[in-house]
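So you can see what is in the structure, the chains are spelled out below.
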Amino acid sequence: MVIKVYLGLFCVLLFSLPFSDVATSLPNIILVALSILFPFCFNASKIEDFKNQTVYTYLILTLYLTFNFLVFGNIKSEISQHGKFFLPIALFILSVPLKKYSKELKIALILGVFLAVIISLGSIFIFIHNSGNFNFSSGKEINEVLILERVYIAFFCVLSFILSLDLLQSYKKLILINISVLLVFVFMIAARIALITIVLVAFLYIVKTLDRRRILVILSLGVLLIAGFFMVNKNLQNRFFYKNHNNSFIESLAIWEPRMVIWPCVYNITKKDSYNYISGLASFDSQEKQLLQCYERSINHEEKRKWFLFIKYNTHNQFLDFLLVSGVLGLIFFVLVFGITLWKNKRDFFSISLVIAFVFLGLVENYLHRQVGVYCFGIFLILLLKKQKKII
């Protein structure tokens, strides 16, 4: 009986994650309840279930960060941000009693994402009806309309897409409906990195599961479909090619893409005498201050400079974030999290797809800085434990 309640709470947790912006405290409340019930659900004889090289590597990374902050006396000032890094480990531990309930957990997340997408689609149609405007190429308007910030609701769509492919044979018709809704939604909101990830995962799935004749047919239809979406959706054109600006693509990229300012600033910080290649800056607070100083010096356009200083842009790249805060050693540990996962599961489509999704998101977003992003990474560790042996 207790394990059923425990499973229900965990499913509610996964179901609620796409609604993190409107139910901020709910995942944490459920986490506390799960922690209380955990001793009654865990069987000590199954201690072997804790063995997972990916989790061990991530734990080493987290402990190294803790040690780094302690050595340089920054642990008190960094505890708020650094504490988030332990959450994925806690989620993994709490999920161990549910190893045989893999399908239920996956369905819970798929249903949560589907409902979030349907609600967001309704909000989009209401917005279009009231304003007569369908310009979602910039982030401000679309983030106000969606139930969750574009980059994260799009990433949940990527996770749901991967889980849907994994469960395709069990619920074919329902899964195909879900995939269709996800694709329409991701194209509509013009989520670039999600689109690229879905296309790559879909290509991998098609190549590894179909014969050559079907591959050519489906790939041809896919190319035509994507081309059609680009032709009719100006938001996609603006997001990928900056068509709504009067400059060339390169000029528009330099002007309107924040990472064209942020990443050179990261490079400049690594060249300073105060930066240690082994330990990094050993401080998220110091990283933010040095980035702001760089924005102040390097941005000539006054309004753009004020905007960067107001938003306080982070590195917008999880790999560069570890490089700045924890040096080359921290970056190596983080890369090893994915490298070891690929090595141990190099023939498993599901694991490979998850790695692709989180690596691609990490190239443009610091997901371990956000509560929803940390929970997402916890899902990564959980699903690796729960994965079915589907060999491609």
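For clarity, every value in this text was computed on a predicted model and none was experimentally measured. (Residues numbered from 1 in each chain as written. Predicted model: local features only at pLDDT ≥ 70, side-chain atom pairs only at ≥ 80, totals over all residues. Heavy atoms only, no water.)

## Examining the overall build of the protein
Scanning the protein from terminus to terminus reveals 19 helices and 0 strands. For the protein, the share of sequence-separated contacts (at least 6 apart) that also reach a separation of at least 24 residues comes to 75%. Here the protein has roughly 18900 Å² of accessible surface; of this, 67% comes from carbon and sulfur atoms. (Helix = DSSP H or I, 4+ residues; strand = E, 2+ residues; numbered from the N terminus. Contact = heavy atoms within 4.5 Å. Areas by Shrake-Rupley, 256 points an atom, 1.4 Å probe, with all protein chains shown as cover.)

## Notes on the nonpolar core
Across soluble globular proteins, nonpolar side chains show a tendency to be buried alongside one another. Among the nonpolar cores identified, the biggest contains 105 residues, and Phe-10, Phe-156, Phe-338, Phe-377 and Phe-380 are the most heavily contacted of them. Leaving out residues up to four positions away in the same chain, Phe-377 has contacts with Tyr-58, Pro-88, Val-337, Phe-338, Phe-358, Tyr-367 and Leu-368. Within the second largest apolar cluster, 16 residues are counted, among which are Ile-269, Tyr-275, Phe-308 and Leu-324. (Core = buried A, V, L, I, M, F, W, Y, C linked by side-chain atoms within 4.5 Å. Buried < 20%, exposed > 50% of the residue type's maximum accessible area, 1.4 Å probe, protein only.)

## Section: helix H5 (residues 87–95)
Helical geometry note: an α-helix holds 3.6 residues per turn, so side chains three or four residues apart project in the same direction. Of all the 9 residues making up H5, 7 are buried; the element is thus mostly covered by neighbouring parts of the structure. Within H5, burial applies to Leu-87, Pro-88, Ile-89, Leu-91, Phe-92, Leu-94 and Ser-95.

## Describing the packing of aromatic side chains
Taken as a whole, this structure holds 24 aromatic pairs when the rule is applied. Consider the rings of Phe-338 and Phe-377, whose centres lie 6.4 Å apart with planes at 90°: the pair is edge-to-face. Here Phe-377 lies in helix H19 (residues 371–386) and Phe-338 lies in helix H17 (residues 318–344), a separation of 39 residues in the sequence. Each member of the pair, Phe-338 as well as Phe-377, carries the same accessibility label: buried. For the cation-ring pair, Lys-106 lies above Phe-350, with the distance from its terminal atom to the ring centre recorded as 4.6 Å. Between Lys-346 and the ring centre of Trp-343, over which it is positioned, the NZ or CZ distance is 4.2 Å. (Phe/Tyr/Trp six-rings, centres within 6.5 Å; stacked < 30°, edge-to-face > 60°. Lys NZ or Arg CZ within 6 Å of the ring centre and 35° of its normal.)

## Details of unusual backbone geometry
Positive phi outside glycine occurs at Lys-312, with the angle close to 60°. Along the polypeptide, Lys-312 turns up in the loop between helix H16 (302–311) and H17. Even without being a glycine, His-316 presents a positive backbone phi close to 50°. By the element assignment, His-316 lies in the loop between H16 and H17.

## Describing the state of the cysteines
Counted according to the given criterion, the structure contains 1 disulfide. Across the disulfide from Cys-265 sits Cys-294; the S-S distance is 2.1 Å. Around the S-S axis, the bridge from Cys-265 to Cys-294 shows a dihedral of about -85° and counts as left-handed. Placement of the pair is Cys-265 in helix H14 (residues 259–270) and Cys-294 in helix H15 (residues 284–298), with a sequence separation of 29 residues. There is no split in this pair, since Cys-265 and Cys-294 are both buried. (Disulfide = S-S within 2.5 Å.)

## A few points about H14
The first and last C-alpha atoms of H14 sit 16 Å apart over 12 residues, in line with the 16 Å expected at 1.5 Å per residue. If you check which residues of H14 are buried, you get Arg-259, Val-261, Ile-262, Cys-265, Val-266, Ile-269 and Thr-270. One side of H14 carries all its buried residues, which in axial view fall inside an arc of 165°. The secondary structure elements touched by the buried residues of H14 are H15, H16 and H17. (Expected span 1.5 Å × (residues − 1). Arc of directions from axis to C-beta.)

## As for a nonpolar patch on the surface
Nonpolar side chains collect at one region of the surface, where Tyr-277, Val-328, Leu-329, Ile-332 and Leu-336 lie side by side and expose about 390 Å² of accessible area between them. By secondary structure assignment, the location of Leu-329 is in helix H17. You can call Leu-329 partly exposed: its relative accessible area is 35%. (Patch = residues over 30% accessible without salt bridge, like charges linked within 9 Å, V, L, I, M, F, W, Y side chains within 5 Å. Salt bridge = Lys/Arg side-chain N within 4 Å of Asp/Glu carboxyl O.)

## Considerations on the packing of helix H3 (residues 53–71) against H17
One can describe the packing of H3 onto H17 by two numbers: an axis separation of 8 Å at closest approach and a directional angle of 170°. For the element pair H3 / H17, the angle class is roughly antiparallel. Seen from H3, the contacting residues are Gln-53, Thr-54, Thr-57, Tyr-58, Ile-60, Leu-61, Tyr-64, Leu-65, Asn-68 and Phe-69; seen from H17, they are Phe-322, Val-325, Ser-326, Leu-329, Gly-330, Phe-333, Phe-334, Leu-336, Val-337, Ile-340, Thr-341 and Lys-344. Partitioned by chemical class, the residues of the contact of H3 with H17 number 14 nonpolar, 7 polar and 1 charged. (Axes fitted to C-alpha atoms, helices over the stretch in contact; angles between N-to-C directions. Parallel < 35°, antiparallel > 145°, perpendicular 65-115°, else oblique. Nonpolar A, V, L, I, M, F, W, Y, C, P; charged D, E, K, R; others polar.)

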